[in-house]
Amino acid sequence: MEGTDQNKSTVIEMFADVCRRVPDAEAVREKNRSWTYRELNVIVLNLTKQLLQKGISAGDVIAIHSRKQYLRAQPCWQCFG
């Protein structure tokens, strides 16, 4: 990525950077539905809040059970990044 040092950036930092730079760009497409980076970030923040409210904290081990739900893993990184 131009303007960032990828060796020092985390996935969370890179995701946040893209959300700031191009919030209305398509981030994910699945069949006939797509999400912008802005929409994806809202989903991430909501799921992050839910995880934190359930008492998940840094160092906890969690499992992700998902059926083609690409929007579920990011909050796990986002919580403690």
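Before any of the text, the structure's been laid out above.
The following paragraphs examine the structure supplied in this document.

Definitions and limits used
Residues numbered from 1 in each chain as written. Predicted model: local features only at pLDDT ≥ 70, side-chain atom pairs only at ≥ 80, totals over all residues. Heavy atoms only, no water. Core = buried A, V, L, I, M, F, W, Y, C linked by side-chain atoms within 4.5 Å. Buried < 20%, exposed > 50% of the residue type's maximum accessible area, 1.4 Å probe, protein only. Helix = DSSP H or I, 4+ residues; strand = E, 2+ residues; numbered from the N terminus. Salt bridge = Lys/Arg side-chain N within 4 Å of Asp/Glu carboxyl O. Pairing = 2+ DSSP bridges. Polar contact = N/O pair within 3.5 Å; in protein donor to acceptor, adjacent residues only side chain to side chain.

**Things to note about the nonpolar core**
Judged by nonpolar contacts, Phe15, Cys19, Val28, Trp35, Leu40 and Val44 together constitute the single largest core of 6 residues. Among the secondary structure elements, those contributing two or more residues to this core are helix 1 (11-21) and helix 2 (37-53).

**Quick word on the pattern of salt bridges**
This model, assessed by the stated rule, comprises 3 salt bridges. With a closest N to O distance of 3.0 Å, Arg38 and Asp24 form a salt bridge. Here the residue Arg38 occupies a position in helix 2, and Asp24 occupies one in the loop between helix 1 and strand 1 (26-30), the gap between them amounting to 14 residues. With relative accessibility at 44%, the residue Arg38 sits in the partly exposed group. Note on Asp24: relative accessible area 55%, which makes it exposed. Glu26 is paired through a salt bridge with Arg29; the nearest N and O atoms lie 2.9 Å apart. By relative accessible area, Glu26 is classed as partly exposed at 44%.

**Some points on the pairing of strand 2 (residues 33-36)**
For a regular strand, the rule is simple: side chains alternate between the two faces of the sheet. In the sheet, strand 1 pairs with strand 2 via 4 bridges, with the strands oriented antiparallel. Counterpart to Glu30 in the pairing with strand 2 is Arg33. Where strand 1 folds back onto strand 2 in an antiparallel hairpin, the turn is made up of 2 residues, including Lys31, whose phi is positive at roughly 50 degrees.

**Quick notes on the environment of Asp60**
The topology assignment puts Asp60 in the loop between helix 2 and helix 3 (74-78). Within the local environment of Asp60, its side chain forms a polar contact with the backbone nitrogen of Ser57, the two atoms lying 2.7 Å apart.

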